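Each chain, written out:
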Amino acid sequence: MPAAMILAAGRGERMRPLTDHTPKPLLEAGGKALIFRHLEKLAAAGFAHVVVNHAHLGAKIEAAVGDGSRWGLSIRYSPETEALETAGGIRQALPLIASPVFAVVNGDVFSDYNYAHLAAAAMTLSRTGMQAHLVLVDNPPHHPRGDFGLDGGKIREAGNPMLTFSGMGAYRTGLFEPLVAGAKQALAPLLHTQVAQGRVSGEHFPGLWTDVGTPERLAELDARLRKETRQ
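Residues numbered from 1 in each chain as written. Predicted model: local features only at pLDDT ≥ 70, side-chain atom pairs only at ≥ 80, totals over all residues. Heavy atoms only, no water.

> Would you take a moment to explain the overall build of the protein for this structure?
Across its full length, the protein carries 6 helices and 13 strands. Expected size for 231 residues packed as a compact globule is a radius of gyration near 17 Å; at 17 Å, the protein falls within 12% of this value. Each of the three principal axes of the protein carries a C-alpha extent, and together these read 45 × 35 × 30 Å. Sorting the 231 residues of the protein into buried and exposed places 52% on the buried side. (Helix = DSSP H or I, 4+ residues; strand = E, 2+ residues; numbered from the N terminus. Rg over C-alpha atoms; globule rule 2.2 N^0.38 Å. Buried < 20%, exposed > 50% of the residue type's maximum accessible area, 1.4 Å probe, protein only.)

In C-alpha cells, the structure reads:
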C-alpha cells in the first residue's frame with residue numbers, strides 16, 4: 001500500500017477570523033474536524049502511513065491528531081516555517097513519505113470520493129510511465145472555467161467540458177525530486193509540463209465535493225452534514 005499525504009499548511013486567509021486561532025484543517029463540519037474525516041477515509045481505504053505538513057498553528061494540528069493510532073494509522077509531520085505551497089510542501093516531505101508513489105489530498109476539501117481509488121491510482125502509476133493521476137470534479141460556482149480537460153483517461157490542457165482539479169491525486173516521487181527542498185513551489189507548473197507530455201492520467205468524479213475555502217462554504221457544508229445526520 002502506498003503512503004498518503006494530507007496538505008495542511010495553508011494559512012486560510014479567506015477563512016479569517018475562523019483561522020486566526022484554529023488551523024483550517026481543524027475547523028469542524030457536521031461536528032467533526034475536516035482532517036479527522038480525511039484520516040478516517042484513508043484508514044478505511046487501507047492506507048497505513050500518512051504524512052501531514054503544516055505551518056500556521058501547526059502545533060495545534062499535531063496535538064489534536066497525535067500519532068494516528070486512534071485511526072490505526074502511523075502519522076508523521078512535516079513542519080514548514082513558512083508555507084511552501086503544494087509542490088514545495090510535498091518536496092520537503094519526500095523523506096517522510098519514503099514511497100515511490102503516493103496519494104495526496106488537500107486538507108480543506110470535503111468529498112464522498114472513495115480513497116481506495118487513490119490507492120489503486122498510485123499503484124497504477126508504479127506500473128506505467130505516468131507521473132500523476134488527478135481526480136477532476138464538476139466546476140463549482142467560484143471556479144466556473146475549470147482547470148483541465150479529460151480525454152480517454154488522460155488529462156488535457158483543453159477540453160469540452162473543462163473540469164476542476166479536486167485537490168485529490170496520486171503522484172510519482174520522481175516528479176518532485178528535482179525541486180529544491182525548502183523552496184516555495186506551486187504544483188500547477190509541474191502538472192502543465194507533464195500534461196503537455198501526455199504523462200498525467202485522470203478521472204471525473206461526479207459525486208459530492210466541496211472546496212471548504214470560505215466561512216460561507218463551511219457553514220453550508222456544516223448544515224448539510226448535520227441535516228444528513230438527523231435523517
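Still more ground to cover, so stick around.
> How should the side chain of Gln131 be read in this particular structure?
Inspection of the secondary structure assignment puts Gln131 in the loop between helix 4 (116-127) and strand 8 (132-137). The exposure class assigned to Gln131 is buried, which follows from its relative accessible area of 10%. Those residues in contact with Gln131, other than ones at most four positions away along the chain, are Leu125, Ala170, Tyr171, Arg172, Gly174, Leu175, Gln194 and Arg199. (Contact = heavy atoms within 4.5 Å.)

> In this structure, what is going on with the pattern of salt bridges? I would like to understand it.
Opposite charge on two side chains makes pairing possible when the charged atoms of those side chains draw close. Evaluation of the coordinates by the stated rule reveals 8 salt bridges. A single network of salt bridges, built from pairs that share partners, joins Glu13, Arg16 and Asp20. (Salt bridge = Lys/Arg side-chain N within 4 Å of Asp/Glu carboxyl O.)

> Just to check I follow, could you spell out the nonpolar core for this structure?
If you look at the biggest cluster of nonpolar residues, it comprises 31 residues, and the most contacted ones within it are Ile35, Leu39, Val50, Val52, Val65, Ile75 and Tyr115. A total of 4 residues in this core trace back to one element, the largest contributor, which is helix 1 (residues 34-44). The contact partners of Ile75, leaving out residues within four places of it in the chain, are Leu39, Val50, Val52, Val65, Gly66, Asp67 and Gly68. Counting residues in hydrophobic clusters, the runner-up holds 28 residues, among them Ala87, Ile90, Leu163 and Val200. (Core = buried A, V, L, I, M, F, W, Y, C linked by side-chain atoms within 4.5 Å.)

> How should helix 5 (residues 188-196) be read in this particular structure?
Along an α-helix, a turn takes 3.6 residues, which lines up residues three or four apart on a common side. By the burial criterion, the buried members of helix 5 are Leu190, Leu191, Gln194 and Val195. Taken around the axis of helix 5, the buried residues stretch over an arc of 130°, which confines them to a single face. Those residues of helix 5 that are buried lie in contact with helix 3 (85-97), strand 8, strand 10 (154-156), strand 11 (164-172) and strand 12 (200-205). Directly beyond the C-terminal end of helix 5, a positive phi value near 70° is found at Gly198. (Arc of directions from axis to C-beta.)

> In this structure, what is going on with the packing of aromatic side chains? I would like to understand it.
Each aromatic ring pair is described using two quantities: the centre-to-centre distance and the angle formed by the ring planes. The final tally for this structure, using the stated rule, is 6 aromatic pairs. On the basis of an interplanar angle of 40° and a centroid distance of 6.2 Å, the ring pair of Phe102 and Tyr171 is categorised as tilted. A residue pair is termed long-range when its members are at least 10 positions apart, and Phe102 in strand 6 (residues 101-106) and Tyr171 in strand 11 qualify at 69 residues. Given the relative accessible area of 0%, Phe102 is considered buried. The buried category is assigned to Tyr171, whose relative accessible area is 2%. For the pair Tyr113 and Tyr115, a centre-to-centre distance of 6.4 Å together with 50° between the ring planes defines the contact as tilted. We note that Tyr113, like Tyr115, is buried. (Phe/Tyr/Trp six-rings, centres within 6.5 Å; stacked < 30°, edge-to-face > 60°.)

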